[in-house]
Every structure is written in structure tokens, then in C-alpha cells.
Amino acid sequence: MQNRSSLGLIFLALCLGASLTSWSFGERVPMIQDFEAEGVSYSESITSPEELIGHQIGSRHTRPDQVVHYFETIGKISPRVKVKTHGRTYEGRPLIHAIVTSPENQERIDQLREANLQLSAKPAETTDSDLVQMPVFVNMGYSVHGNEASGTEAALLLLYHLAAGNGAPVESILNNVVVIIDPMLNPDGRARFVGWVNANRGRVAGSDPNDREHVEPWPGGRTNHYWFDLNRDWLLGQLVESQARLELFHHWRPQLQTDFHEMGSQSTFFFQPGVPDRNNPNTPERTHKLTREVANYHAEALDRIGSLYYSEETFDDFYFGKGSSYPDINGAVGILFEQATSRSLRREIKTGILDYSFTIRNQLAVSFSSLKAAVEMREKLLRNQRDFYLETEEMAQNSSVRAYIIQNEGVGQRALPLVEVLLRHQIQVFKLAKGIEIETTRYQAGKAYIVPMLQPQARLLKALMERVTEFSAQVFYDVSTWTLPLAFGVEVSEFEGDFEAHTGEEVTAPLAPSGSLAGKQAKYGYLVEWENYLSPRALYRLQQSEITVRLLKKPAVTEVDGIRRTLNPGTLIVPVNQDRVEPRVVHETVARIVEVDGAAVFGVSTGLTLSGPDLGSPSSTPLEIPKIALLSGDGARSSQIGEAWFQLNERIGIPVSLLDEQRVGGTDLSRYNTLILVGGSHSHLLEDAVNKLKAWINQGGLLIVIHDGVKWAVSKELVDEKLLEIPKDTTQVQYADVGTRRRSQSIPGSIFRAHLDPTHPVAFGLGQELDLFRNHEIALELSKTPGANVAVYSDDPLMSGYSPDSKVEILKGTPAVVARKVGKGATILFLDDPNFRAFWYGTSALFLNAVFFGRAF
């Protein structure tokens, strides 16, 4: 058994400013001399990371399974530590966290948690004297970006320090803090990254940035399984990893949350506060003041070991969807850390060599300083959360908006996933018990929801619902808006009257779309409405069962059970008599889509309609089952591919081929009837591949192009449309202001309204208008092809977010979606990303229309 006064390894060296020596792969990292760090010694009964994992932290990259194994082992042997699983990733890896505090606190942890939750639920019932007796709760999240790996290594050392350490510094933390350590927010991404670097490193680590270890292949390990940036999903809650951590966050309600990242290798170390004039106005000033106070502890820790650092530059706290900003709108203080990355074990930088061990040391230093701040600022942090919710109640009482009314009629039941997001944030939602009319919109009882403003999460509710077009700053680190009603394509009204009489049963769990079958078992056929957001899933379920489905492209009227029914364009026609399956299969599958997909279905006994085309009319088109390839690989934007992949595969259940662009030239494209091209340089789609794509389209293929992929497709003459020339900004400013000026003239992520052509199959079921998310400046001229302009930006398009006036003017009257025939095939151009971050249910419906109906015009 090794001497436990030396087993602090990196963090013992850290405390006295020592650093790791060099090492060779396959050899043991030389032990640093023994230190007694401020009176801390380490118990021999607690296993060190090196003993269990088999390598010294910093000598190689630790695999996700090794991290889990170490945490679970310590949870079994230390009375200070409880380790739990709060979810699983898309690849099935466990999402774990450790609850670390004194054994005495562990024995009454449920009592402590309940008292802590009262700070937000019933803040008026917690007095200052109560705060004196309460521990502070700190949530420490590491390496949400899988290839920003040093944070997870620091988490291993932090757990050992808190589990094995003895002495006043450790005991002070354990007695006064409940620490939640989430060591690995993105195990799937980390697994991709760690597998690469460990496999491409020899016995002696190299520092050459051109070496394979340093050149991570596409798509890299930053993102989750579906290539989403998990650090943008705190507010949106669309991914299983995010949903699990949101549940964990609200289970404990921490007062301080830390978020450990890495940035470019030539940088130093960043900690918050961020850019002072780019804070979200919904965040109280007191939160920023406390952030600055916490920053002093980080500065002291990094000064002590001589590490360079900065704050109040580069990063901001405007978008609440990040791990460091989401706490700010939940009565806590969020802190972002950004360490210059080595990515590999050793990396050449301008000033010398950056070692992985050095990056871990810095991450561990600010882990310690965060806990020191928590101990010494304990009452301030507790009081901040209590007062946040006291002031929120006062804000809600003084608000002219008393409640939000959410429409669920005529919006494809897209209110349901919107309500689900609100529930994940602990926002109270009720069914509308009494009908109400606001301006020209009628909300019917049982077909709408009411969300009172007077509730603990009122600040967050306001931030999710509001439309903002006026800003004090014109530069944003991330998006400038995220208005949920516009993203979900749902009508929401602000109600300023007495809402209590309209408030019905509380919604406490997510609701599934409700299906219906009128006409019972059909003799002739079934008619399926195309308005439910899960209608594409229902259609694909029918097609998978080899049932031929036809698309009604013109309105008609029929009779069902003696009631006249209007059939809108987009209605699916499902004949009972099929060529490939028996009627039994049709009846069973239709019953299934009603039950599982919430489909609204009418059974009919005749193909003759009362008006409009009959069900066998040439104006109804048989639909092909989509056979899809996503053009992917180096040169294509992985985030947009991931969004489309997630939408099609995870939500709709369609198998999708990820076709590497380097392979297009040698691939038989006839096996696909749909190709999707996203943004990017597409540098591997060479002339032969482009010619092959042109021939495939002309022979009947459907090409769907997204975002700046449109610019590439037009430049390669895959479609005969013209880009709109955007005048360059030539405003003269001082050199120091050039960057700010340039960024202020871009669209950082804003919402624009477009008029739809409701007669076009790509727009079926979506009404007359739709809001779209835009974060670039590419524009097209109106297509000269008749009927091709499916969506056109309105004359007053900016609905929410920041945009320079000049860019708004340019967009007016230009197309947002163009769909046109090309030879025997078709090309559909989406100027914006319809699947952005998986929460744009409104425009994703447009995208799915393109997939299913894109060969029907």
C-alpha cells in the first residue's frame, strides 16, 4: 500500500504549485515528492484512481467505463459518497453522479434536500436563521463536450480528494456542502474521442499537431450520439442526456453550478463573469455580483499556481440553454470554465508544449476554488436563491400578463411537446377548463392549456415565451432568441384577466397525442388527416406494412356516419383492398396508428365524394416509401446532419443511410429515392460526384438541400436558381472595433415569418404562415418557376431576435423554401435549418413534408 500522503498526485502538487514531470507511455509517471497540503492526509481505506483504473491520471485518457467503475467503487466503500445513475445515453451508457457530503449529512440527506427545495417552492417560509443551519448544494458538471476531456479527469481526482481526504479543508467542505459530481455529461462523445487518441498514440507521446492522435476524425467527440451539442439543450430538453440532467438539477436545486470546458489550444483559462453588457436582462443583477465574488476565489487559486487566465471577455450569459447560464434563471449561480485544450497528451503551442496533465491541474484548481467559495459564501448563495424566488413572486404579481393560453386545436397537437418542455422545467401547466376568446382567437375548454404567471418558475416561463427585438447589445455568443411558441408553431396568447375560473386539472406528466377513428371499420378505405405532428410516423408505419397510401392534393367533401367531412389537401387515402396485403393488415395497422401515433382517421364505405375529387382521382398520388441517404462526412456540417438523422430515425423511425461524400462517386445511388444535403464546404464532392448527383436527380431522385448547402447546390448548378447578392458592410470603424462591428452585422440566430403556399404539397397541413429560425445571411431571388416558391418571407418578417435592419430589408419578399421539378426528379431548397436543435417542431413538419411528399408534385 502506497503512502497516502503522496496519493494526492496532481492535486497535492497543485496545492503547492508543483507540476507533473514528463513521462513515457507504458511507464509509470514518476511520483512527485510527498506533500502535506494544508494538513490534508489521505485514508488508506479509499482506493486511488491509479490503483483501480491502472494508470495515473494525466498519463492517458480515461475511458468512460473506467470512470463509472471508479465512481461506483468509491460509492460502495466511502460513507461520504453515494453514487447513482440518473439516465442513459442513446448508446446505452450510464449517466452517473456522486452525492458527496459528511456521513452525518448523508444520514439525513432527504431531510436536507426537502429543506433546500423550500427555497424555491415556499421561499417565504425560510428565515435567515434557517439559512445558518443549512448546507449549500453545489452541482459540478464535467466535460459536456466529449473531446474536452480534462474536466472528467479532474472529477476523478476531486472525488478521491473528498472521499479519502482528512483534515480541516476537506471536513469544512463535507460539513457545509452537499456536492453533486457529474463526472461525464457526454459519455458517448467521450468514448469516440478517447478511443481515437488512445489508439493513435505510441509508447512515447508526440506533440506534433499533424500526428494522427491530434487530428480527430469527423465528426469528432464533441457531440452526443446524434451529433448534438449537449451544452445548448439545457433550455430545450430534447435529448435523453439533457432530460436526465434536468431531472437531476431540479431534484436537488443547487445554489452553485459549475460547467467545465476546453477551448482553443493557444488560449489560456477563462472563468466567468462573461462580457458584462451581454447578460440576459431576465437575470437579476445580484446573480452577476455573486458571480464576480466567486471569481475572486478562482483568481486566487490560479495565481497560486501561476496559471494565466481571464474573464469578462469572449463568452456571455445571454442564452439560458447552457450549463453555466441555465442556473442563473433558476435562482442559482452558474460558472463556466474554459481551459486551453491539449486534446492529446502533449501539444505544441506558440509558447512551448501544453501537457494534458497541466490542463487537468487547472480544472482541479478551480474545482477546489469553487468549493472553497461555496463554503465561505454559503449563506449568501442560499439567501440568493430564496430571495430570487421571493422577488419572482413579486414580479409575477405585478405583471400585466396573468397567464399564457396555449392552443392545441388546429396546430397538429404540437402544443403537447411544448407542454412537455415546460414540465421538464418544473413549470406548472393546467388544462383549460372554460373557453375564452382573446382578440380573434377562440380557445376551447379541453383543447387548450393555461400556464399561470404566478408560480415559482415565472422568470423562466417569461424567458421561454417572450418575443424580443430590442437589445442593448448587438453581439451574441450564441442565439439571440428561442421563443418556444414560434418554434413549435403553436398559437399562444397572453391573458391579462382573472385566470382562475379558466384553470382546470393540472398536467403532471407528458401527454401523448390522442387519436380517433370515425366510421369504425371501413369497407372501402380510411382517410387520415395530415395535421398531427406525428402524422409522418403514422404514414411510415403504413408504408412499412407494405400498404399503398395515396395523397389527396385538392380539397374534397365526403360523408362519414352521416356527417359531412371536409378533406383538406394532404389527407392520406388508405384503400382497404390492396395489392400486397390483406384487408386484415390494413385494419390492424390503421388501429395501430390511431393508438400509437394519435392519428385522426375516418372510415368510408365509398370512394365517391360529395364534392371535389373522388378518392381514386388522378389528383391523388400514390406515395413512395422514402429511401434516404444523408450526405455526410468531412466537409459536411455534422450538427445539421445529426438534426436530420435524429428527426428521421429517432422520432419517425426511418432507417437512414449516412453516405460519406467521398463515396458518392462510386456508389449506386439508385437504391435511394431521397438524398439530403446540409451545409458545409462539401470539398469531397468532386466533379464526377456532382455529375452523378445531377443524373440521379434527372432520373427521378429527390434532393433536399438545407441551410448554406443551398449556396453550394446553386453554385454547382444542381438547380437553376440565383443567389441574391448581399452588399458588404463598408462602414469605417477603428481597428479595435472591427470584430464587434462585423459580428453586429450578422444574424446570430433570430426568428422570421414567412407566408406559405398552402396548395403546395410541401406546405400541406401547415396553414398560411410559418416562423423559421435563421442564423446566416444567404438569400435567393424569387424562383421564376411557377409555383416553386413554397415559403416567402413576409414584408415585416422579424418576429423575435436581433437582426441588422439592412438584413431584414434584404429578406423581405425573398423565398425561404423553393421546391421545383428537375427533369424527372425534384429539388427542395430550405434556406434555413428546419430541424434546428430538434425543437423547431413547426419547420420540422415542413421538412418531413418534403421527405414524404417531395416526389408528389
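Counting restarts for each chain, with residues numbered from 1 along the sequence as it is written. Side-chain atom pairs in this predicted model are given and counted only at pLDDT of 80 or more, local residue features only at pLDDT of at least 70, and totals for whole chains, interfaces and linings cover all residues. Side-chain measures were taken over the full set of non-hydrogen atoms in the model, leaving aside hydrogen atoms and water.

Q: Explain the overall build of the protein to me, please; I cannot follow it from the model alone.
A: When helices and strands are tallied, the protein shows 24 helices and 35 strands. Each radius of gyration reported is based on C-alpha atoms, and the globular scaling rule is 2.2 Å times the count of residues to the power 0.38. For a compact globule of 857 residues, the expected C-alpha radius of gyration is about 29 Å, and the protein comes in at 29 Å, within 12% of that figure. C-alpha atoms of the protein, sized along the principal axes, occupy 90 × 65 × 65 Å. Partly exposed residues are those whose accessible area sits between 20% and 50% of the maximum for their type, while under 20% is buried and over 50% is exposed, using a 1.4 Å probe and protein chains only. By the burial criterion, 62% of the 857 residues in the protein qualify as buried. Of the contacts formed within the protein by residues at least 6 apart in sequence, a portion of 78% connects residues at least 24 apart. Areas reported as accessible are Shrake-Rupley estimates using a 1.4 Å probe. Residue values count occlusion only from the protein chains shown. Split by element, the accessible area of the protein, about 32,400 Å² in all, is 46% carbon and sulfur. Helix and strand assignments follow DSSP, with helices taken as H or I runs no shorter than four residues and strands as E runs no shorter than two, numbered in order from the N terminus. What makes two residues a contact is simply this: any of their non-hydrogen atoms within 4.5 Å.

Q: Where do I start with the sheet that holds strand E35 (residues 825–830) in this structure?
A: Backbone hydrogen bonds are what pair the strands of a sheet, in a parallel or an antiparallel way. At least two DSSP bridges between two strands are required for those strands to pair. Read across the sheet, nine strands follow the order E28-E27-E29-E30-E35-E34-E33-E31-E32 without closing on themselves; strand pairing throughout is mixed. Each end of this open sheet is capped by a strand with a single partner; those strands are strand E28 (656–660) and strand E32 (769–774). Shown here is a sheet whose adjacent strand axes are inclined to one another by a mean of 20°, direction ignored. Note: strand E27 (residues 628–632) against E28, five bridges, orientation parallel. Bridge pairing links leucine 631 to leucine 659 in E28. The angle between two axes is taken between their N-to-C directions and runs from 0 to 180 degrees, where each axis is a line fitted to C-alpha atoms and a helix contributes only its stretch in contact. The sheet strands contacting helix H20 (residues 687–698) are strand E29 (674–677), strand E30 (702–706), strand E34 (815–822) and E35, and the helix crosses E35 at an angle near 115°. The strands that helix H24 (residues 841–853) touches are E27, E29, E30, strand E31 (750–756), E32, E34 and E35; relative to E30, the one it contacts most, it runs at about 160°.

Q: Is there a simple way to think about helix H12 (residues 356–376) in this case?
A: Given 3.6 residues to a turn, an α-helix orients residues that are three or four positions apart in the same direction. Multiplying 1.5 Å by the helix residue count minus one yields the expected span of that helix. The terminal C-alpha atoms of H12 lie 31 Å apart, and with 21 residues this matches the ideal 30 Å at 1.5 Å per residue to within 8%. Of all the 21 residues making up H12, 18 are buried; the element is thus mostly covered by neighbouring parts of the structure.

Q: What exactly am I supposed to notice about the pattern of salt bridges here?
A: Oppositely charged side chains may form a pair once their charged atoms are brought near each other. Salt bridges are defined as contacts in which a side-chain nitrogen from Lys or Arg sits within 4 Å of a carboxyl oxygen from Asp or Glu. Counted under the stated rule, the structure contains 40 salt bridges. The residue glutamate 466 makes a salt bridge to lysine 462 at a minimum N-O spacing of 2.8 Å. In this structure, arginine 741 engages aspartate 729 in a salt bridge whose closest nitrogen and oxygen atoms are separated by 2.9 Å. Pair noted here: arginine 741 is in helix H22 (residues 738–744) and aspartate 729 is in the loop between helix H21 (709–715) and H22, with a separation of 12 residues, a long-range link. By relative accessible area, arginine 741 is classed as partly exposed at 25%.

Q: Looking at this structure, I do not really get the sheet that holds strand E4 (residues 136–142). What am I missing?
A: Pairing is mixed in the open sheet, where seven strands are placed in the order E2-E3-E6-E4-E7-E9-E8. Among the strands making up the open sheet, the edge pair consists of strand E2 (81–88) and strand E8 (269–271). The sheet shows a mean angle of 20° between the axes of neighbouring strands, taken without regard to direction. One ladder, built from seven bridges, connects E2 with strand E3 (residues 94–100); its direction is antiparallel. Bridge pairing links threonine 85 to isoleucine 96 in E3.

Q: Explain the packing of aromatic side chains here, please?
A: Describing an aromatic ring pair means giving the distance of the ring centres and the angle of the ring planes. Working definition: a ring pair exists when centres of Phe, Tyr or Trp rings (six-membered ring for Trp) sit within 6.5 Å. Plane angles under 30 degrees give stacked, over 60 give edge-to-face, the rest tilted. Inspection of the entire model under this criterion finds 37 aromatic pairs. A centroid spacing of 5.3 Å and a plane angle of 65° characterise the contact between phenylalanine 249 and tyrosine 326, whose relative ring orientation is edge-to-face. Residue phenylalanine 249 is located in helix H10 (residues 240–252), and its partner tyrosine 326 is located in the loop between helix H11 (285–305) and strand E9 (333–340); the two are separated by 77 residues in the primary sequence. Look at phenylalanine 249 and you get buried, because its relative accessible area is 1%. With relative accessibility at 0%, the residue tyrosine 326 sits in the buried group. Here the aromatic rings of tryptophan 530 and phenylalanine 852 are separated by 6.4 Å at their centres, their planes lie at 65°, and the arrangement is edge-to-face. Residue tryptophan 530 is found in the loop between strand E20 (525–528) and helix H17 (535–544), and its partner phenylalanine 852 is found in helix H24; the two are separated by 322 residues along the sequence. Judged by its relative accessible area of 1%, phenylalanine 852 falls in the buried class. Members of the aromatic cluster, connected to one another through ring pairs, are Tyr90, Trp218, Tyr226, Trp227, Phe228, Trp645 and Phe646.

Q: How do you make sense of the packing of H17 against H24 when you look at a structure like this?
A: In a packed pair of helices, the relevant descriptors are the angle between the two axes and the axis-to-axis distance. Where H17 meets H24, the closest approach of the two axes is 11 Å, and the angle between their N-to-C directions is 20°. Regarding the angle of H17 to H24, the classification is roughly parallel. As for how H17 packs across H24, the hand of that crossing is left-handed. Between H17, through Pro536, Leu539, Tyr540 and Gln543, and H24, the contact on the second element is made entirely by Leu848, Phe852 and Phe853. Nonpolar residues are Ala, Val, Leu, Ile, Met, Phe, Trp, Tyr, Cys and Pro. Charged residues are Asp, Glu, Lys and Arg, and all others, Gly as well, are polar. Tallied by class, the residues present in the contact of H17 with H24 amount to six nonpolar, one polar and no charged. Roughly parallel here means an angle under 35 degrees, roughly antiparallel means over 145, roughly perpendicular means 65 to 115, and every remaining angle is called oblique. Crossing handedness is read from the near helix: turned anticlockwise from the far helix by less than a right angle, it gives a left-handed crossing, and turned clockwise, a right-handed one.

Q: What is the right way to read empty space enclosed by the protein from this model?
A: Regions of empty space are outlined by a rolling probe, equal in size to a water molecule, passed over the atoms. Space inside and on the surface of the protein is sampled on a 1 Å grid over the protein atoms alone, with a cavity defined as a set of points where a 1.4 Å probe fits but cannot get out and a pocket as an open set with protein on both sides within 12 Å along at least 5 of 7 lines; lining residues have an atom within 4 Å of a point. Grid points are joined across faces, edges and corners, and a volume is the space filled by probe spheres set on the points. Under the definition given, this model contains four cavities of 30 Å³ or more. Taken as a whole, the largest cavity holds about 60 Å³ of empty space. Considering the residues around the largest cavity, the lining is formed by Asn139, Gly141, Asp182, Leu185, Trp234, Arg245, Leu248, Gln257, Thr258, Asp259 and Gly323. Looking at the lining of the largest cavity, the element that brings in the most residues is strand E7 (residues 256–263), giving three residues. Here the lining of the largest cavity is composed, by residue class, of three nonpolar, five polar and three charged.

Q: Would you explain a nonpolar patch on the surface in this entry?
A: In this analysis, a patch consists of residues with relative accessible area above 30% that form no salt bridge, clustered at 9 Å for like charges and at 5 Å for the nonpolar side chains Val, Leu, Ile, Met, Phe, Trp and Tyr. There is a patch of nonpolar side chains on the surface, built from Val733, Tyr735 and Val738 and spanning about 320 Å² of accessible area. Within the secondary structure, valine 738 is located in helix H22.

Q: How do you make sense of the pairing of strand E33 (residues 789–800) when you look at a structure like this?
A: Of all 12 residues that make up E33, nine are buried, and the element is covered over most of its length. Where E31 lies against E33, five bridges are found, and the strand directions are antiparallel. By the bridge assignment, leucine 756 is partnered in E33 with alanine 791. Of the pairings in the sheet, the one linking E33 to E34 comprises three bridges and is antiparallel in character. Within E34, the position partnered with asparagine 789 by the bridge is valine 818.

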